[in-house]
Amino acid sequence: MSKQINLLKRIIMTDGADKLNVDLSGIEKIITKKLPAELGKNAPPNFPELYFDFKQEYERFKEFILFEKLIGKNVVALGGGFSSGKSSFLNSILGQEILPSDIDPSTSVPAYLINSDETEVCGINAFESRISMSPEEVGLIAHGFGKDDEDGMEVTLGHLLYSLFIASPNQPFKHLALLDTPGYSKPDSERYSAKTDEKIARTQLNSANFILWFVPAEDGTIKNSDINFLKSLNSEIPKLIIINKADKILPDELDEVIDKIRSTVQMKGVRVTDVLAYSSDEPDDYDRDKILEHIRKWDNAVTESRFAYNFKVLFTKCKEYYDSEIEEKQRLHNRLSHILADFPSDNSDAEDYLQSMDRESVRNIAELKELKENLHSIQNDFFTEIKHIADAVSIEMPEPSEIDLISDKITDPKTVIESYCSENGLSDVKHKNLQRSFTELLTEILRDVKTTFYDVASSKETEETAALIINIMEGI
Ligand SMILES: Nc1nc2c(ncn2[C@@H]2O[C@H](COP(=O)(O)OP(=O)(O)OP(=O)(O)O)[C@@H](O)[C@H]2O)c(=O)[nH]1
Ligand SMILES: [Mg+2]
């Protein structure tokens, strides 16, 4: 306990000496004041969720500033249900029991692991100060100060920390940050704070460049909640499913589970790189080498930071909403103008009423257009400010003028080919099979060429690629 108290003192009594050296007040004013005040007017119905994700993305961005060794690294995030063995997997890959693992939910703070010549551990507290820690102290974070008899709640040091950074020579991937996250589901959600909830896990995984998703082998299948969660993640981020704790079932059963999960994810439309088996208890017996091969490939992949794309989602969704509202009001205005043009002259009350409706729709259109312009100017202010900060700390970020060029709708080739086929009457079974294999091939090739291809390729280019493939298919 005295060790915990000592760490607690350092977490809460920090003098702030190791604070951020960049001024974030301008950007935070935009995020917390200007954005909700302006965009909150006539906002899309899902604005609260979009705004939540946006703020979370900003928290991820801040982590890169707080721990500058993350800059330039590809992030591989580990996700999955609680106790699916994420932390044990990392310990086993590192050959070092650095992360706490337990039958109870044990990871309460997201932890980034990077390669470094020297071992260094630090945590970020609620005041955004850095607290240096010893590797042994990482284990203390998950443990509490004893459960309260009344509600069974336990306060842990994890409640006081935002994130952890562990640099170690045992982390073998020089260009990767491995991100251990708290399980997205908890056994008894009443007892766990919102801090560890599904939404946070989602933004953590969506900010990553690659995802390892853990499914315990003894579950025998992939849960619907996992499928729904995976589907809610950006489909462009490569995802490798790991059937973990493979030692807990018989080899024959394992083969069946792998086949079942492969077909389930395919049937449910979740695009995954592969489904492989692992055991931290018996690492040599399963697909360790294949998993490491994927991770090594990711270590050498050239990726683009996801920040700009993820920040843009909020602006894009608001713009799409304004556009659809403008379109609807425009249609109403056209219809009313049409009716009023031939309106019988003997019914002036009705005509007055329709005219006032028409004036209202014209006013609405003007207001929405003004909101759209404001939106663009806030987008510009936001990206100008964030670029300024990003430049100061060498985080890659496009110029504000380039933001509009980031593809709004990320088009996956399968969808493009499928819609092309149905529009062109090519949807018979034979073509469907061909279509699937070509799409898989295309997806695979493009993923190897450049993971972020779809972030930068305009949908026209993707469509042209798809059309070319269909031409080849028709020639077979
Ligand atoms: N038999 C077996 N048990 C394992 C394996 N991997 C993890 N475990 C056990 O499963 C439990 C949970 O492991 P963790 O590594 O803490 O799981 P986690 O996904 O990090 O859990 P949270 O951080 O709470 O979400 C622990 O008791 C581990 O000892 C494995 O490969 N085989
Ligand atoms: Mg864990």
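Please refer to the structure placed before this passage.
Attention in this report is confined to the structure presented alongside it. All residue numbers here refer to positions counted from 1 along the written sequence of the relevant chain. Written order determines the labels here, with chains lettered from A and ligands numbered from 1. The model is predicted, so local features are restricted to residues of pLDDT at least 70 and side-chain atom pairs to those at 80 or more, both for listing and for counting; the totals for chains, interfaces and linings are taken over all residues. Heavy atoms from the whole structure form the basis of all side-chain values; hydrogens and water molecules are not counted.

### Here we look at the packing of aromatic side chains
Right, on to step 1. Only rings of Phe, Tyr and Trp enter the pairing, Trp through its six-membered ring, and a pair is recorded when the two centres are within 6.5 Å. The plane angle decides the type: under 30 degrees is stacked, over 60 is edge-to-face, the rest tilted. In total, this model carries 22 aromatic pairs according to the counting rule given.
Right, on to step 2. Residues Phe315 and Phe383 carry aromatic rings whose centres are separated by 5.9 Å and whose planes lie at 55° to one another, so their mutual orientation is tilted. In this pair, Phe315 is assigned in helix H10 (residues 307-341) and Phe383 in helix H11 (residues 348-393), connecting sequence segments 68 residues apart. Both residues of the pair, Phe315 and Phe383, belong to the buried class.
Right, on to step 3. A centroid spacing of 5.1 Å and a plane angle of 85° characterise the contact between Phe382 and Phe383, whose relative ring orientation is edge-to-face.
Right, on to step 4. Feature note: the residues Phe54, Tyr58, Phe61, Phe64, Phe307, Phe311, Phe315, Phe382 and Phe383 constitute an aromatic cluster, connected by ring pairs. Runs of E in the DSSP output that reach at least two residues are strands. Runs of H or I that reach at least four are helices, and both are numbered from the N terminus. Residue exposure (1.4 Å probe, protein chains only): buried if accessible area is under 20% of the type maximum, exposed if over 50%, otherwise partly exposed.

### Observations concerning the nonpolar core
Right, on to step 1. Residues Leu39, Phe61, Ile241 and Phe382 are the most contacted members of the largest nonpolar core, which totals 80 residues.
Right, on to step 2. With 11 residues, the top contributor of residues to this core is H11.
Right, on to step 3. Contacts are residue-level and defined by heavy atoms, with any inter-residue pair within 4.5 Å sufficient. If we ignore the near neighbours within four places in the chain, the residues touching Ile241 are Trp213, Val215, Ile222, Leu230, Ile261, Val265, Val272, Asp274, Val275 and Leu276.
Right, on to step 4. Only buried Ala, Val, Leu, Ile, Met, Phe, Trp, Tyr and Cys residues count toward a nonpolar core, and they belong to the same one when joined by side-chain atoms within 4.5 Å. Judged by nonpolar contacts, the second largest core, of 37 residues, contains Leu90, Ile93, Leu140 and Ile242.

### Notes on the side chain of Glu325
Right, on to step 1. Residue position: Glu325 is located in helix H10.
Right, on to step 2. Look at Glu325: it is buried, it has no salt bridge, and the nearest opposite charge is Lys329 at 4.3 Å.
Right, on to step 3. Among all residues touching Glu325, those that are not within four sequence positions of it are Asn42 and Leu368. The charged-residue count follows a simple rule in which Lys and Arg add positive charge and Asp and Glu add negative charge, with His and chain termini not counted at all. Any Lys or Arg side-chain nitrogen found within 4 Å of a carboxyl oxygen on Asp or Glu counts as a salt bridge.

### Looking at the sheet that holds strand E2 (residues 111-115)
Right, on to step 1. DSSP calls a pair of strands paired once it identifies at least 2 bridges connecting them. Spatially, the 9 strands line up as an open sheet ordered E4-E3-E5-E2-E6-E1-E7-E8-E9, and their pairing is mixed. At either margin of the open sheet sits one strand with a lone partner, and together these are strand E4 (130-133) and strand E9 (274-277). Across the sheet, the axes of successive neighbouring strands diverge by a mean angle of 25°, strand direction being ignored.
Right, on to step 2. In this analysis, axes come from line fits to C-alpha atoms, helices being fitted only over the stretch in contact, and the angle between any two N-to-C directions falls in the range 0 to 180 degrees. Each of strand E3 (120-125), E4 and strand E5 (161-168) touches helix H1 (residues 2-12); the most contacted strand, E4, lies at about 155° to it.
Right, on to step 3. Packed on one face of the sheet, helix H6 (residues 198-206) meets strand E1 (74-80), strand E6 (176-180) and strand E7 (210-216) and runs near 145° to E1.

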